[in-house]
2 protein chains.
Amino acid sequence: MPPSTTNVAPAAEDFEVELGVLNELIGFRFRRIHNHLSRGFNELAPEAKPGTFSALALIGANPGVSQTTLSREVGFDKATIVSILDGLERLGWAERRRSPSDRRRHALYITREGQKALDRLHDHARRNEAPIRQALTEEEQTQFFRILDKMYAACFPG
Amino acid sequence: MPPSTTNVAPAAEDFEVELGVLNELIGFRFRRIHNHLSRGFNELAPEAKPGTFSALALIGANPGVSQTTLSREVGFDKATIVSILDGLERLGWAERRRSPSDRRRHALYITREGQKALDRLHDHARRNEAPIRQALTEEEQTQFFRILDKMYAACFPG
DNA sequence: TATTGTTATACTCTATAACTATA
DNA sequence: TATAGTTATAGAGTATAACAATA
């Protein structure tokens with residue numbers, strides 16, 4: 001919108017918008033930032049569907065992990081995990097092996113190619129978050145993650 | 001799973017899962033908590049589609065606000081805002097009036113019923129977040145929101 | 001020519017339910 | 001009987017593009 005050339009008061013939407021009760025709600029405050037991060041990451045790494053990066057990282061950090069555990073940690077339904085795994089195998093980034101101890105289970109492993117991809121995606125994620133992290137001091141970052149620990153623990157008591 | 005009756009070492013997924021690189025990523029840490037909050041809120045208030053509560057709160061706090069401004073603040077496409085507004089009008093919670101100063105715009109207003117609904121939804125949201133907030137000291141809550149301010153500001157420099 | 005809001009549409013994301021094979 | 005994974009399907013959620021009215 002061009003600068004106003006009249007003396008008419010600007011419309012309400014030219015003012016700073018009041019957040020009202022949303023200002024104090026964790027959910028709203030999270031969503032705005034999370035949306036922004038998701039979009040940024042998706043632009044940097046369009047080949048990775050949501051959940052793909054998380055799943056790959058968890059497989060990398062927990063060789064032999066099962067799909068059910070992945071489902072719990074990533075926060076997606078087990079059926080959704082199936083399609084994420086299909087994608088990871090198609091890309092050659094992870095593989096399913098029958099668990100010898102429980103033949104119902106798939107033991108999941110990251111491949112050499114998958115590790116390379118994970119490193120790349122991790123780098124994208126870091127660069128995507130860099131501006132936000134740099135807005136905080138070292139101490140604030142530490143505090144922040146400590147608070148997130150507490151919050152997540154409170155989500156699943158017991 | 002029943003408690004193991006053998007001496008066999010538990011499968012990998014019985015151990016605490018390693019988050020690996022995800023542990024230090026804001027996006028992942030946010031998503032897990034945000035997912036949990038979204039689901040809880042949706043159970044408490046299934047009549048409110050995502051964005052409905054936010055939109056209503058913003059209209060209440062900014063009488064006469066436009067759909068475009070709403071779109072920017074809620075973080076949804078303007079076409080998505082149209083359907084949210086349709087819903088709000090159908091419920092009798094908000095109304096569109098032609099802006100007299102710019103007849104392209106709709107000036108949005110909350111209704112008396114809408115204000116009641118907003119209070120109710122706000123209460124749901126507070127109760128939904130209560131366990132998480134109570135995990136933090138007063139000081140931590142203050143720090144946390146201050147840090148969120150900084151982070152959001154860093155999302156949209158300028 | 002640019003902007004507000006609308007429509008139509010399609011695509012992405014995610015969950016539910018029913019199934020299989022194992023336990 | 002219960003659990004791990006799969007399939008098929010449907011439903012949410014969201015965006016894109018073309019459009020009309022207005023600036």
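Cut-offs used in this document
Residues numbered from 1 in each chain as written. Chains lettered and ligands numbered in written order. Predicted model: local features only at pLDDT ≥ 70, side-chain atom pairs only at ≥ 80, totals over all residues. Heavy atoms only, no water. Contact = heavy atoms within 4.5 Å. Buried area = accessible area lost by both parts, 1.4 Å probe. Salt bridge = Lys/Arg side-chain N within 4 Å of Asp/Glu carboxyl O. Polar contact = N/O pair within 3.5 Å; in protein donor to acceptor, adjacent residues only side chain to side chain. Helix = DSSP H or I, 4+ residues; strand = E, 2+ residues; numbered from the N terminus. Nonpolar A, V, L, I, M, F, W, Y, C, P; charged D, E, K, R; others polar. Least-squares fit on C-alpha atoms with pLDDT ≥ 70 in both. Near = heavy atom within 4 Å. Buried < 20%, exposed > 50% of the residue type's maximum accessible area, 1.4 Å probe, protein only. Axes fitted to C-alpha atoms, helices over the stretch in contact; angles between N-to-C directions. Parallel < 35°, antiparallel > 145°, perpendicular 65-115°, else oblique. Phe/Tyr/Trp six-rings, centres within 6.5 Å; stacked < 30°, edge-to-face > 60°. Lys NZ or Arg CZ within 6 Å of the ring centre and 35° of its normal.

Participant: Describe the interface of chain A and chain B, and please don't skip the residues or the numbers.
Facilitator: Across the contact, 68 residues belong to chain A and 68 residues belong to chain B. When chain A packs against chain B, the two sides together hide about 6600 Å² of surface, and 65% of this comes from carbon and sulfur. The tally of links between chain A and chain B comes to 8 salt bridges. For the interface between chain A and chain B, the tally reads 21 residue pairs in polar contact (both at pLDDT 80 or more). Taken together, the elements giving at least two residues each to the side of chain A that touches chain B come down to helix H1 (26-44), helix H2 (52-61), helix H3 (67-74), helix H5 (112-134) and helix H6 (138-155) of chain A. Of the residues in the side of chain A that touches chain B, the class split is 35 nonpolar, 15 polar and 18 charged.

Participant: So what's going on with the relation of the copies chain A and chain B? Residues and values would help.
Facilitator: Between the two copies, chain A and chain B, the superposition gives an RMSD of 0.0 Å; the rotation angle is 180° and the shift along the axis is 0.0 Å. These values place the two chain copies in the arrangement generated by a two-fold rotation axis. Comparing interface residues between copies, 100% of those in chain A also sit at the interface in chain B, which points to an isologous, same-surface contact.

Participant: Tell me about the protein's contact with DNA strand D, residues and numbers included.
Facilitator: Contacts to DNA strand D come from 21 residues, most closely from Arg39, Gln67 and Thr68 of chain A together with Asp77 and Arg103 of chain B. Put simply, 73% of the atoms of DNA strand D that lie within 4 Å of the protein are in sugar or phosphate. Between a phosphate oxygen of DNA strand D and a side-chain N or O atom of glutamine 67 of chain A, the distance comes to 2.7 Å. Within the backbone of histidine 106 of chain A, a nitrogen or oxygen atom sits 2.9 Å from a phosphate oxygen of DNA strand D. Only H3 and helix H4 (78-90) of chain A together with helix H4 (78-90) of chain B provide two or more residues apiece to the surface near DNA strand D. Per element, the largest residue contribution to the surface near DNA strand D is 3 residues, and it comes from H4 of chain A. Considering only residue class, the surface near DNA strand D consists of 6 nonpolar, 5 polar and 10 charged.

Participant: Help me get a handle on H2 of chain A, residues and values and all.
Facilitator: Most of H2 of chain A is tucked away: 8 of the 10 residues are buried. Within the span of H2 of chain A, buried status applies to Thr52, Phe53, Ser54, Ala55, Leu56, Ala57, Leu58 and Ile59 of chain A.

Participant: Which residues make up the protein's contact with DNA strand C, and what values do they have?
Facilitator: Taken together, 20 residues sit near DNA strand C, with Asp77 and Arg103 of chain A together with Arg39, Gln67 and Thr68 of chain B positioned nearest. When the atoms of DNA strand C within 4 Å of the protein are sorted by group, sugar and phosphate make up 71%. Between a phosphate oxygen of DNA strand C and a side-chain N or O atom of threonine 68 of chain B, the distance comes to 2.7 Å. Histidine 106 of chain B is positioned with one of its backbone polar atoms (N or O) 2.9 Å from a phosphate oxygen of DNA strand C. Secondary-structure elements contributing two or more residues to the surface near DNA strand C are H4 of chain A together with helix H3 (67-74) and H4 of chain B.

Participant: Hey, could you go over the packing of H3 of chain B against H4 of chain B for me, with residue numbers and the actual values?
Facilitator: All names here are of chain B. Interaxial distance between H3 and H4 falls to 9 Å at its minimum, and their mutual angle equals 105°. By the angle class used here, H3 and H4 are roughly perpendicular. Here Gln67, Leu70 and Ser71 of H3 come into contact with H4, specifically with Lys78, Ile81, Val82 and Leu85. Looking at the contact of H3 with H4, its residues break down into 4 nonpolar, 2 polar and 1 charged.

Participant: Before we move on, can you summarise the packing of aromatic side chains with the specific residues and values?
Facilitator: Evaluation of the coordinates by the stated rule reveals 10 aromatic pairs over all chains. With a centroid separation of 6.1 Å and 75° between ring planes, the pair formed by phenylalanine 144 of chain A and phenylalanine 145 of chain A is classed as edge-to-face. The class for phenylalanine 145 of chain A is buried, based on a relative accessible area of 10%. The ring of tyrosine 152 of chain B has arginine 32 of chain A lying over it, and the distance from NZ or CZ to the ring centre is 3.5 Å. A cation sits over an aromatic face here: arginine 97 of chain A above tyrosine 109 of chain A, 3.9 Å from the ring centre.

Participant: Describe in detail the pattern of salt bridges, supporting the description with residues and values.
Facilitator: On inspection of all chains with the given rule, the structure shows 24 salt bridges over all chains. Salt-bridge contacts for arginine 29 of chain B lead to aspartate 149 of chain A; the nearest nitrogen and oxygen are separated by 2.4 Å. With arginine 29 of chain B in helix H1 (residues 26-44) and aspartate 149 of chain A in helix H6, the pair connects residues from two separate chains. A residue is classified by how much of its surface remains accessible, and aspartate 149 of chain A, at 43% relative accessible area, is partly exposed. Here glutamate 95 of chain B makes a salt bridge to arginine 97 of chain B, at a shortest N to O gap of 3.0 Å. A relative accessible area of 31% means that glutamate 95 of chain B is categorised as partly exposed. The class of arginine 97 of chain B is partly exposed, set by a relative accessible area of 42%. Taken together, the shared-partner salt bridges in this structure form one network comprising Arg32 of chain A together with Arg72 and Glu73 of chain B.

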